[in-house]
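Fold and geometry: a report
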Amino acid sequence: MRTGTVWFSVAIGASAVSTGTLFASGWRPAVLPAGLAALWWSGAALVALSLGLLGWSGCPILEVSVATANRNKTRTMQLGTLIFIVGGVLAMLAVALGPVPPG
């Protein structure tokens, strides 16, 4: 089950690069109007949830049997990846629809 570890590592890196770039540029969620801020925070919460799911899918935890662990971790990895994509799209949509920074 190294695939979960790889997906987790890539998701952490993608989150760090995108959020770090936004924050380094001086952007903050507080600049968004209320509706877009709610959209951004919803997306951010989904991304955080997805990172937890992907992290769990990459842990070498054996459940009842290898077959059960494999099935559960595969489903968790798939759900985590889906939620990561949806959350990222929602957050970036809020940023793109938000006010243009001065300068």
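Above this note sits the structure.
A brief report on the enclosed structure follows. Keep in mind that this is a model prediction, so the values were computed, not measured. Residue numbers restart at each chain and count upward from 1, following the sequence in its written direction. Residue-level local features of this predicted model are given only where pLDDT is at least 70; pairs of side-chain atoms are given and counted only at 80 or more, and the full residue set underlies all totals for whole chains, interfaces and linings. The basis for every side-chain value is the complete set of non-hydrogen atoms in the structure, without hydrogens or water.

Turning our attention to the overall build of the protein chain. Helix numbers and strand numbers start at the N terminus; a helix is a DSSP run of H or I with at least 4 residues, a strand a run of E with at least 2. Of the regular secondary structure elements, the protein chain holds 3 helices and 0 strands. Written out in order from the N terminus, the α and β elements of the protein chain read α-α-α. A principal-axis box enclosing the C-alpha atoms of the protein chain has dimensions of 55 × 25 × 15 Å. Between buried and exposed lies partly exposed: a residue is buried under 20% and exposed over 50% of the maximum accessible area for its type, with that area taken using a 1.4 Å probe on protein chains only. The burial tally for the protein chain puts 30% of its 103 residues in the buried class. Note on definitions: a residue-residue contact is assigned when non-hydrogen atoms from the two residues lie within 4.5 Å. Across the protein chain, the fraction of contacts at a sequence separation of at least 24, relative to all contacts at a separation of at least 6, is 74%. Of the roughly 6,300 Å² of accessible surface on the protein chain, a fraction of 75% belongs to carbon and sulfur atoms. Note that accessible areas follow from Shrake-Rupley with a 1.4 Å probe, and for residues the cover is restricted to the protein chains shown.

Okay, helix H1 (residues 2–24) next. Here the expected length of a helix is defined as 1.5 Å per residue gap, with one fewer gap than residues. Over its 23 residues, H1 extends 32 Å from the first C-alpha to the last, a length consistent with the 33 Å expected when each residue adds 1.5 Å. All of the buried residues in H1 are Gly4, Ala11, Ser15 and Leu22. Close packing links the buried residues of H1 with helix H2 (34–57) and helix H3 (66–97). Positive phi appears at Gly26, one or two residues downstream of H1, with a value of about 100 degrees.

Turning to the nonpolar core, a few remarks are in order. Counting 9 residues, the largest nonpolar core is built from Leu22, Trp27, Leu32, Leu36, Ala37, Trp40, Ala91, Ala94 and Val95. If you list the elements that add at least two residues to this core, you get H2 and H3. Apart from residues no more than four positions distant in its own chain, Trp27 is found in contact with Leu22, Leu32, Trp40 and Val95. Here, the term nonpolar core denotes a set of buried Ala, Val, Leu, Ile, Met, Phe, Trp, Tyr and Cys residues that are joined through side-chain atoms within 4.5 Å.

Turning our eyes to something else, we now look at the packing of aromatic side chains. Note on aromatic contacts: the rings of Phe and Tyr and the six-membered ring of Trp form a pair at centre separations within 6.5 Å, being stacked when their planes are under 30 degrees apart, edge-to-face when over 60 apart, and tilted otherwise. In this structure the tally under the stated criterion is 3 aromatic pairs. When the ring of Phe23 is compared with that of Trp27, the centres are 6.3 Å apart and the planes differ by 10 degrees; the resulting orientation is stacked. By relative accessible area, which is 32% here, Phe23 ends up partly exposed. Taking 5.5 Å as the distance between ring centres and 55 degrees as the angle between the ring planes, the aromatic pair formed by Trp27 and Trp40 counts as tilted. Of this pair, Trp27 sits in the loop between H1 and H2 while Trp40 sits in helix H2, and the two are 13 residues apart along the sequence. As far as the burial class goes, Trp27 and Trp40 line up, both buried. Charges are assigned to positions over rings by a cutoff of 6 Å between ring centre and Lys NZ or Arg CZ, combined with an angular limit of 35 degrees from the ring normal. Residue placement shows Lys73 over the ring face of Trp56; its charged tip is 4.0 Å from the ring centre.

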